Amino acid sequence: MGESGPRFEIPAVDGGYMLVQTAALCRIPSPSGFAHAALGHVSSELDRIGIPTRCTIKGALTGTLHGGDPALGGRTLSVHVDTLGAMVKEIKANGRLKLAQVGGYDWATIEGEHCTVHAAGGTREISGTVVSTKASIHVHGAKLRKLKRDEASIEVRLDEPVRNEDDVRNLGIEVGDFVSFDPRTTVTPSGFIKSRHLDDKACVAILLGVAQAFQRHGVELAAPSALFISHFEEVGHGSSAGLPEGTTELIAVDMAAVGKGQTSDEFATTVCVKDSSGPYDFALSRRLIELARANDIDCRIDIYPVYASDVSQALRAGWDERGGLVEPGVDASHSFERLHQKSLEETARLLLAYLLAPA
């Protein structure tokens, strides 16, 4: 097995609780820039668990786990509650809506999805469907199959009697309104959860599970530790500001990309040692890997060629800290995603081992 880190009595984690929280969070609309409801849910849940929180000026949420030797520096676990989504780019003459993407995804992955337009300053919800401009095979024939899915060919069909631009505006819809996609969240008897937005709602639930285990079992942390819940990660600046004071080690908890050429798995946790932003801190990554091996945690080591995290964003913003990346395995990332409860549990166990272990 190679290197081996210290072995701990890791507090039990509640996989069912994390699965329930993942589903609850997925059902709360929170595209980047419109995440207030999801942040409120997380704040309320941390308050119920007994973790003190505060909001940064930018609006991110931080939580404090008491204990540990201040001389060892601060450890922060970071997740993001914002998701992929869209905004109204244009109200068309025929009453359809042209979209601008929020976050990075292929237009084809949202075709046919039910959606909600958050109109009238976010106070009114109007349902619709994401369709192509040539959606009917009976009308367009072969042209439908050859149509490239992009900003010009994807639109929203509103579930309201609208025929023109004025009808749409009378509903309170304007350019700049947020559009969220129906997550279609489903939990299966076999322990899978399939949904949009498991990136990164599943990892927010993992942090809630870690916080719950910490409070229930009264574990002694090796160093002062904090939670950081960002809300602009999908657009590139979630952790660029507002990290908890004293942070010397930042662990981003995000999705592990499962697929051909990757070692990541839906039933395991992963330590990513490099992504498109470059290698993560060598010593910190090795410590995480050794902790997993010593504590019988199912952990993979992987590299992602098209990926970045809250650690990437913090380092680019000039934060002086060591960074690592820990993740549950998620299939079909930035599309219609799926993971298993076991990956939630293995990831939470690794994070707890990390918080217990001295540097």
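This text gives an overview of the structure that appears in the document. Computed from a predicted structure; not experimentally measured.

**Quick word on the state of the cysteines**
In step 1: Evaluation of the coordinates by the stated rule reveals 0 disulfides.
In step 2: Summary of cysteine pairing: C203 is not part of a disulfide, and the nearest cysteine sulfur, belonging to C26, is at 11 Å.
In step 3: What makes C203 buried here is its relative accessible area of 1%.

**Details of helix α2 (residues 36–49)**
In step 1: With 14 residues, α2 extends 20 Å between its outermost C-alpha atoms, agreeing within 8% with the 20 Å of an ideal straight helix rising 1.5 Å per residue.
In step 2: Every buried residue of α2 is accounted for by A38, L39, V42, E45, L46 and I49. The arc enclosing the buried residues of α2, seen along the axis, measures out at 130°, which places them on a common side. Opposite the buried face of α2, by more than 90 degrees, sit the exposed residues H36, D47 and R48.
In step 3: G50 occupies a position one or two residues after α2 and carries a positive phi of about 105°.

**Here we look at the sheet that holds strand β4 (residues 85–91)**
In step 1: In spatial order, the strands read β4-β5-β8-β7-β6-β9; together these 6 strands close into a barrel with antiparallel pairing. Each adjacent strand pair in this sheet contributes to an overall mean axis angle of 45°, direction not counted.
In step 2: Here strand β6 (residues 114–119) runs beside strand β9 (residues 178–181); their pairing, made up of 4 bridges, is antiparallel. If you follow C115 over to β9, its bridge partner there is F181.

**Here we look at empty space enclosed by the protein**
In step 1: Taken as a whole, this structure holds 2 cavities of 30 Å³ or more when the rule is applied.
In step 2: Space inside the largest cavity adds up to approximately 90 Å³.
In step 3: Considering the residues around the largest cavity, the lining is formed by L84, Y105, T109, I110, F181, R196, H197, D199, E234, H334, S335 and E337.
In step 4: Broken down by class, the residue content of the lining of the largest cavity amounts to 4 nonpolar, 4 polar and 4 charged.
In step 5: Estimated volume of the second largest cavity: approximately 30 Å³.
In step 6: As for the second largest cavity, its lining consists of V42, L46, V204, L207, L208, L227 and I229.
In step 7: Going through the elements one at a time, α2, α6 (198–217) and β12 (225–230) are the ones with two or more residues in the lining of the second largest cavity.
In step 8: Top contributing element to the lining of the second largest cavity by residue count: α6, with 3 residues.
In step 9: Broken down by class, the residue content of the lining of the second largest cavity amounts to 7 nonpolar, no polar and no charged.

**Some thoughts on the packing of helix α7 (residues 282–294) against helix α9 (residues 341–356)**
In step 1: In the contact formed by α7 and α9, the axes pass within 10 Å of each other and the chain directions differ by 115°. In terms of orientation, α7 and α9 fall into the roughly perpendicular class. In the crossing of α7 with α9, the sense of the turn from one axis to the other is right-handed. On α9, the residues touching L284, R287, L288, L291 and A292 of α7 are L350, A353 and Y354.

**Examining the side chain of T185**
In step 1: Tracing the backbone shows T185 in the loop between β9 and β10 (186–187).
In step 2: Apart from residues lying up to four places away in sequence, T185 is in contact with A23, C26, R27, I193, K194 and S195.

**Side note on the nonpolar core**
Grouped burial of nonpolar side chains is what soluble globular proteins tend to show.
In step 1: Ranked by internal contacts, the top residues of the largest apolar core, which has 74 residues, are V42, L46, I229, I251 and L351.
In step 2: Among the elements that take part in this core, α6 stands out by supplying 11 residues, more than any other.
In step 3: Ignoring any residue separated from it by four or fewer positions in sequence, one finds V42 in contact with L25, L61, V81, V204, L208 and I229.

**Here we look at unusual backbone geometry**
In step 1: Cis rather than trans, the peptide bond between D199 and D200 has omega equal to 10°.
In step 2: By the element assignment, D200 lies in helix α6.
In step 3: Its identity as a non-glycine residue notwithstanding, H197 has a phi of 75°, on the positive side.

**Side note on the pattern of salt bridges**
In step 1: The tally for this structure, following the rule as stated, stands at 17 salt bridges.
In step 2: Note that E249 and R287 form a salt bridge whose closest N and O atoms lie 2.5 Å from each other. Of this pair, E249 sits in strand β13 (residues 247–253) while R287 is found in helix α7, placing the two residues 38 residues apart along the sequence.
In step 3: A salt bridge links R300 to D298; the shortest N-O distance between them is 3.2 Å.
In step 4: Since its relative accessible area comes to 27%, R300 is described here as partly exposed.
In step 5: Judged by relative accessible area, which is 25%, D298 ranks as partly exposed.
In step 6: Among the ionic contacts, a cluster of salt bridges with common partners joins D298, R300, K342, E346 and R349.

**Let's talk about the packing of helix α1 (residues 15–26) against α6**
In step 1: Where α1 contacts α6, the axes come no closer than 8 Å and their chain directions differ by 140°. By the angle between their directions, the pair α1 and α6 is classed as oblique. Crossing of α1 against α6: the hand is right-handed. Residues Y17, M18, Q21, T22, L25 and C26 of α1 pack against L198, K201, A202, V204, A205, I206, L208, G209 and Q212 of α6.
In step 2: By residue class, the composition of the contact of α1 with α6 is 10 nonpolar, 4 polar and 1 charged.

Rules behind the numbers
Residues numbered from 1 in each chain as written. Predicted model: local features only at pLDDT ≥ 70, side-chain atom pairs only at ≥ 80, totals over all residues. Heavy atoms only, no water. Disulfide = S-S within 2.5 Å. Buried < 20%, exposed > 50% of the residue type's maximum accessible area, 1.4 Å probe, protein only. Helix = DSSP H or I, 4+ residues; strand = E, 2+ residues; numbered from the N terminus. Expected span 1.5 Å × (residues − 1). Arc of directions from axis to C-beta. Pairing = 2+ DSSP bridges. Axes fitted to C-alpha atoms, helices over the stretch in contact; angles between N-to-C directions. 1 Å grid on protein atoms, 1.4 Å probe; cavity = no way out; pocket = protein on both sides within 12 Å on 5 of 7 lines; lining within 4 Å. Points joined across faces, edges and corners; volume = space filled by probe spheres on them. Nonpolar A, V, L, I, M, F, W, Y, C, P; charged D, E, K, R; others polar. Parallel < 35°, antiparallel > 145°, perpendicular 65-115°, else oblique. Left-handed = near helix turned anticlockwise from the far one by under 90°. Contact = heavy atoms within 4.5 Å. Core = buried A, V, L, I, M, F, W, Y, C linked by side-chain atoms within 4.5 Å. Salt bridge = Lys/Arg side-chain N within 4 Å of Asp/Glu carboxyl O.

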